[in-house]
Amino acid sequence: EAGVAQSPRYKIIEKRQSVAFWCNPISGHATLYWYQQILGQGPKLLIQFQNNGVVDDSQLPKDRFSAERLKGVDSTLKIQPAKLEDSAVYLCASGVVLNTEAFFGQGTRLTVV
Amino acid sequence: KQEVTQIPAALSVPEGENLVLNCSFTDSAIYNLQWFRQDPGKGLTSLLLIQSSQREQTSGRLNASLDKSSGRSTLYIAASQPGDSATYLCAAFTGGGNKLTFGTGTQLKVEL
């Protein structure tokens, strides 16, 4: 069974530029999460989808971050414009439905300079 | 608001030792609790999922317990090996199962 796929693995951008991350969840998984993990901290939920609907985006900085999950499968997370404090690993995870075991991708390491 | 705490933040043990990692959560109305392993520069690998109706789960040398009433979970690692060196994270499903909240992790080093 293929795992959660994320791309790119690494990205370096200058502040005020924009960036996008892509996630392909495990086939058949209805729930998809985006997490931000700053060095030395636990992951923090940014947004959670159930199929193509948003379940929770209370911690998403909506003035600069946006995410979509078209057709309830792949998802993209965008940052525009990026700030230095956005430097982190962005993790995507999926689960069969809400409340079940979550499986994570390898993450995208973003460095904003 | 659920808060998850892991103590200690870092732990160093000699190879072969049995050890316990602790996870505490403030909202006992959790649905499930999941333990993960994270190697440097990598994503999270799921180790064990304990459902709210269960008290423990076992996988190989790993045993995780859950006590909802006291707001605690423990991960027991038997006969530790250098390959067990990693950061271990616990996460609780709360809020109707909608939200998966993570602790800050315990960084484990198993020395030869």
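Provided above is the structure to which this section pertains.
I will try to describe carefully the structure that is included in this document.

Comments concerning the overall build of chain A
Scanning chain A from N- to C-terminus turns up 0 helices and 11 strands. The N-to-C order of helical and strand elements in chain A reads β-β-β-β-β-β-β-β-β-β-β. The globule rule puts the C-alpha radius of gyration for 113 residues at 13 Å, and the 13 Å found for chain A is close to it. The C-alpha extent of chain A, read off along each of the three principal axes, is 35 × 25 × 25 Å. For chain A, buried positions account for 45% of its 113 residues. Considering only residue pairs separated by 6 or more positions, chain A has 53% of its internal contacts joining residues 24 or more positions apart. When the accessible surface of chain A is split by element, carbon and sulfur atoms take 52% of a total near 5500 Å².

Quick word on the pairing of strand S3 (residues 19-25) of chain B
Residue and element names in this part refer to chain B. Judged by which residues are buried, S3 turns out to be one-sided: Leu-19, Leu-21, Cys-23 and Phe-25 face inward and are buried, whereas Val-20, Asn-22 and Ser-24, on the alternate face, are not. Both strand S1 (residues 4-7) and S3 contribute to a ladder of 4 bridges, which runs antiparallel. From the neighbouring strand, Ile-7 faces S3, where its bridge partner is Asn-22. Examined bridge by bridge, S3 and strand S8 (residues 72-77) share 6 bridges and lie antiparallel to one another. Opposite Asn-22, over in S8, you have Thr-74 as the bridge partner.

Topic: the sheet that holds strand S7 (residues 62-67) of chain B
The strands making up a sheet associate through backbone hydrogen bonding, with each pair oriented either parallel or antiparallel. Residue and element names in this part refer to chain B. Strand order in this open sheet of 5 strands is S1-S3-S8-S7-S6, and the pairing throughout is antiparallel. Of all strands in the sheet, those with a lone pairing partner are S1 and strand S6 (56-59), marking the two edges. Averaged over all neighbouring strand pairs, the angle between strand axes comes to 15 degrees, with direction disregarded. For S7 and S8, the ladder comprises 6 bridges, and the chain directions are antiparallel. Residue pairing for S8: Asn-63 is matched across the bridge by Tyr-76.

Some details on the sheet that holds strand S3 (residues 19-24) of chain A
Residue and element names in this part refer to chain A. Reading across the sheet, the 4 strands line up as S1-S3-S8-S7 and stay open at both edges, with antiparallel pairing between neighbours. Every interior strand has two partners, whereas the edge strands, strand S1 (5-7) and strand S7 (65-68), have only one. Adjacent strand axes in the sheet meet at a mean angle of 15 degrees, parallel and antiparallel pairs treated alike.

Observations regarding the packing of aromatic side chains
Taken as a whole, this structure holds 8 aromatic pairs over all chains when the rule is applied. On the numbers, 5.7 Å between centres and 45 degrees between planes, the contact of A:Tyr35 with A:Phe104 is tilted. Highlighted residues: A:Tyr35 in strand S4 (residues 31-37) and A:Phe104 in strand S10 (residues 103-104), separated in sequence by 69 residues. Note on accessibility: A:Tyr35 and A:Phe104 belong to one class, buried. Among the aromatic residues, those joined into a ring-pair cluster are A:Tyr33, A:Tyr35, A:Phe104, B:Phe36 and B:Phe102.

Calculation rules
Residues numbered from 1 in each chain as written. Chains lettered and ligands numbered in written order. Predicted model: local features only at pLDDT ≥ 70, side-chain atom pairs only at ≥ 80, totals over all residues. Heavy atoms only, no water. Helix = DSSP H or I, 4+ residues; strand = E, 2+ residues; numbered from the N terminus. Rg over C-alpha atoms; globule rule 2.2 N^0.38 Å. Buried < 20%, exposed > 50% of the residue type's maximum accessible area, 1.4 Å probe, protein only. Contact = heavy atoms within 4.5 Å. Areas by Shrake-Rupley, 256 points an atom, 1.4 Å probe, with all protein chains shown as cover. Pairing = 2+ DSSP bridges. Axes fitted to C-alpha atoms, helices over the stretch in contact; angles between N-to-C directions. Phe/Tyr/Trp six-rings, centres within 6.5 Å; stacked < 30°, edge-to-face > 60°.

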